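Single-letter residue listing:
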Amino acid sequence: MSTINTTKTNLFLDIALFLAFVLAMVPHATGIPVHEWLSLAFAATIVVHLLLHWEWIVGVTPKFFARLFHESRLNFVIDVVFFLALIMAMVSGFLISKAALPAIGIQPAFSIVWRQAHRISAEVALITLGIHCGMHIKWIAQNAKRTLIGPVVRLFRKQPVAERAAGGKK
Ligand code: HEM
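Values in this document were obtained by computation on a predicted structure and should not be read as measured data.

Asks: What exactly am I supposed to notice about a nonpolar patch on the surface here?
Replies: Taken together, the side chains of Phe12, Ile15, Phe18, Leu19, Val22, Leu148, Ile149 and Val153 define a hydrophobic patch exposed on the protein surface, amounting to about 660 Å² of accessible area. When contributions to the nonpolar patch are tallied by element, the ones reaching two or more residues are α1 (3-24) and α8 (137-156). With five residues, the single largest contributor to the nonpolar patch is α1. In this fold, Ile15 is placed in helix α1. The exposure class of Ile15 is partly exposed, given its relative accessible area of 33%.

Asks: It is not clear to me how the coordination of the iron atom of the ligand should be interpreted in this structure. Could you clarify?
Replies: Around a metal, the perfect tetrahedron of four donors has angles of 109.5 degrees, and the perfect octahedron of six donors has angles of 90 or 180 degrees. Coordination of the iron atom of the ligand by the protein comes from His35 (NE2) and His118 (NE2), over a distance range of 2.0 Å. Of note is the iron atom of the ligand, whose six donor atoms meet at the metal with angles of 87 to 179° in an arrangement that counts as octahedral. Taken together, the positions of His35 in helix α3 (residues 32-52) and His118 in helix α7 (residues 112-135) put the pair 83 residues apart, joining distant regions of the chain. According to the relative accessible area criterion, His35 is buried, its value standing at 12%.

Asks: Even after reading the chapter, I still don't get the site of the ligand, so can you show me in this structure?
Replies: His35, Glu36, Gly93, Lys98 and His118 are the nearest of the 20 residues found near the ligand. Contact between the ligand and Lys98: an oxygen atom at 3.2 Å from a side-chain N or O atom of the residue. Contact distances for the ligand include 3.4 Å between an oxygen atom and a side-chain N or O atom of Arg115. Of all the secondary-structure elements, those providing two or more residues to the shell around the ligand are α1, α2 (27-30), α3, α5 (71-95) and α7. Residue composition of the shell around the ligand, by class: eleven nonpolar, five polar and four charged.

Asks: Explanation requested: α3 in the structure shown.
Replies: An α-helical turn contains 3.6 residues, so a residue and the one three or four places further along point in the same direction. Look at α3: 30 Å from first C-alpha to last across 21 residues, which is about the 30 Å you get at 1.5 Å a residue. The set of residues buried in α3 consists of His35, Glu36, Ser39, Phe42, Ile46 and His49. Buried residues of α3 fall within an arc of 130° about the axis and therefore sit on the same side.

Asks: It is not clear to me how the environment of Cys133 should be interpreted in this structure. Could you clarify?
Replies: With respect to the helices, strands and loops of the structure, Cys133 is situated in helix α7. Measuring from C-alpha to C-alpha, the distance between Cys133 and Phe18 comes to 9.4 Å, with 115 residues separating the pair along the chain. Here Cys133 is in contact with Phe18 and Ile140, once residues within four sequence places are set aside.

Reading the values: rules and limits
Residues numbered from 1 in each chain as written. Predicted model: local features only at pLDDT ≥ 70, side-chain atom pairs only at ≥ 80, totals over all residues. Heavy atoms only, no water. Patch = residues over 30% accessible without salt bridge, like charges linked within 9 Å, V, L, I, M, F, W, Y side chains within 5 Å. Areas by Shrake-Rupley, 256 points an atom, 1.4 Å probe, with all protein chains shown as cover. Salt bridge = Lys/Arg side-chain N within 4 Å of Asp/Glu carboxyl O. Helix = DSSP H or I, 4+ residues; strand = E, 2+ residues; numbered from the N terminus. Buried < 20%, exposed > 50% of the residue type's maximum accessible area, 1.4 Å probe, protein only. Donors = N, O, S within 2.8 Å, 3.2 Å for Na, K, Ca; no water. Tetrahedral: all angles 85-135°; square planar, octahedral: opposite > 155°, others 65-115°. Near = heavy atom within 4 Å. Polar contact = N/O pair within 3.5 Å; in protein donor to acceptor, adjacent residues only side chain to side chain. Nonpolar A, V, L, I, M, F, W, Y, C, P; charged D, E, K, R; others polar. Expected span 1.5 Å × (residues − 1). Arc of directions from axis to C-beta. Contact = heavy atoms within 4.5 Å.

Keep in mind these values describe shape, not function.
Printed below as a string of structure tokens:
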């Protein structure tokens, strides 16, 4: 796969993940069944996201203790906290499930502790996702400009008459 196609795949997948997470954060707007199934699809897509960034993960992990501070290390810490918070949100979500588990015949008992754990882990995930996006803002802005905004701007850009007559060629 060429670099530009990999970048495009990453960008579209990341946008889908971001939107799915935002929707997962508002279960009372989507309804609990949509919340639960969407979160499960989100978890599966996170696995694809991790596989697409596997080289980075494998590259940074051994270097983690090599230097006291560098940007990748901070990225790594944020990503680990984000990942753990997501796992906690998924596990506690299952333990309070009102739709997905009952659909396969399992009815979890109501637990205020797991409900609180679910809310807190989701909030920690939201905060760390914000930092994660902030730390990759340069990549997001560059590729959004090239892949999404660029083609739309080109569609509406006025072509000189001579260029149009030559079928868009200079
Ligand atoms: C990315 C993963 C997830 C995130 C970010 C997330 C986020 C949230 C948030 C913010 C709430 C509102 C909490 C409150 O107002 O107290 C909530 C409620 C809920 N979530 Fe999740 N959730 C996720 C995954 C799941 C999963 C996988 C399930 C079940 C299979 C689930 C089941 C529920 C249920 C049943 C509620 C309603 C709790 C209640 O009102 O009693 N969630 N979730």
